[in-house]
Amino acid sequence: MRKPNDKSIKEAMDQLFQVYKLQQKFDETALIAAWPEMMGVAIANRTKELYIRQKKLFVRVESSVIKNELMMMRSQIIEKMNERAGGEVILEIVLL
């Protein structure tokens with residue numbers, strides 16, 4: 001039987017993320033981890049560096065062809081990643 005101030009694990013985790021301002025970092029880390037699944041193995045294997053700073057996704061790829069392809073798909077990638085995160089985590093993509 002639950003007491004009046006008992007919380008589910010989800011509620012407790014949500015509160016923890018909110019208090020310590022961890023939600024943004026958690027969302028960013030989840031998106032980085034999901035990059036191969038979202039972009040496919042061919043692109044993921046050629047991605048040398050991937051990180052998020054101040055709502056910008058930085059991507060370093062070794063292939064100029066893939067870099068060009070990613071440049072043309074920027075808005076779709078941003079939309080897809082934000083949809084997966086359930087909020088606005090990425091505003092811009094910077095290709096290195």
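The preceding data block contains the structure.
Attention here is on the structure that accompanies the text. (Residues numbered from 1 in each chain as written. Predicted model: local features only at pLDDT ≥ 70, side-chain atom pairs only at ≥ 80, totals over all residues. Heavy atoms only, no water.)

### Details of the packing of helix H4 (residues 64–72) against helix H5 (residues 74–85)
Move 1: Axis separation between H4 and H5 bottoms out at 4 Å; the angle between their running directions is 70 degrees. Put simply, H4 runs roughly perpendicular to H5. Contact residues: H4 offers Leu70, Met71 and Met72, while H5 offers Arg74, Gln76 and Ile77.
Move 2: Residues of the contact of H4 with H5, tallied by class, amount to four nonpolar, one polar and one charged. (Axes fitted to C-alpha atoms, helices over the stretch in contact; angles between N-to-C directions. Helix = DSSP H or I, 4+ residues; strand = E, 2+ residues; numbered from the N terminus. Parallel < 35°, antiparallel > 145°, perpendicular 65-115°, else oblique. Contact = heavy atoms within 4.5 Å. Nonpolar A, V, L, I, M, F, W, Y, C, P; charged D, E, K, R; others polar.)

### Focus on helix H2 (residues 23–39)
Because an α-helix completes one turn every 3.6 residues, residues spaced three or four positions apart along the sequence face the same direction.
Move 1: Here H2 spans 23 Å end to end across 17 residues, near enough to the 24 Å set by a 1.5 Å rise per residue.
Move 2: Helix geometry: H2 is bent most strongly at Ala33, by close to 45 degrees, with proline Pro36 lying one to four residues after it.
Move 3: Looking only at H2, the buried set comprises Asp27, Glu28, Leu31, Ala34, Trp35, Met38 and Met39.
Move 4: Looking at the buried residues of H2, the elements they touch are helix H3 (41–46), strand E1 (47–53), strand E2 (56–61), H4 and H5.
Move 5: Phi turns positive one or two residues past the end of H2, at Gly40, with a value near 95 degrees. (Expected span 1.5 Å × (residues − 1). Bend = angle between axes of the 7 residues up to and from the residue. Buried < 20%, exposed > 50% of the residue type's maximum accessible area, 1.4 Å probe, protein only.)

### Observations regarding the pattern of salt bridges
Move 1: Counted according to the given criterion, the structure contains five salt bridges.
Move 2: Residue Lys25 pairs with Glu28 through a salt bridge whose shortest N-O separation is 3.8 Å. Placement of the pair is Lys25 and Glu28 together in helix H2, with a separation of three residues, close to one helical turn.
Move 3: Looking at Lys25, the relative accessible area reads 48%, which means it is partly exposed. (Salt bridge = Lys/Arg side-chain N within 4 Å of Asp/Glu carboxyl O.)

### Observations concerning the environment of Val59
Move 1: Summarising the element assignment, Val59 is placed in strand E2.
Move 2: Each C-alpha atom, one on Val59 and one on Phe17, is 27 Å from the other, the two residues being 42 residues apart in sequence.
Move 3: In this view, Val59 contacts Trp35, Thr47, Glu49, Leu50, Leu70, Ile93, Val94, Leu95 and Leu96; residues no more than four positions away in its chain are not counted.

### Digging into the sheet that holds E2
Move 1: As summarised here, the arrangement of the three strands in space is E1-E2-E3, forming an open sheet in which the pairing is mixed. Here the strands that pair on one side only, and so sit at the sheet edges, are E1 and strand E3 (92–95). Strand-to-strand twist in this sheet, taken as the mean axis angle between neighbours without regard to direction, amounts to 20 degrees.
Move 2: Alignment of E2 against E3, held across four bridges, turns out to be parallel. (Pairing = 2+ DSSP bridges.)

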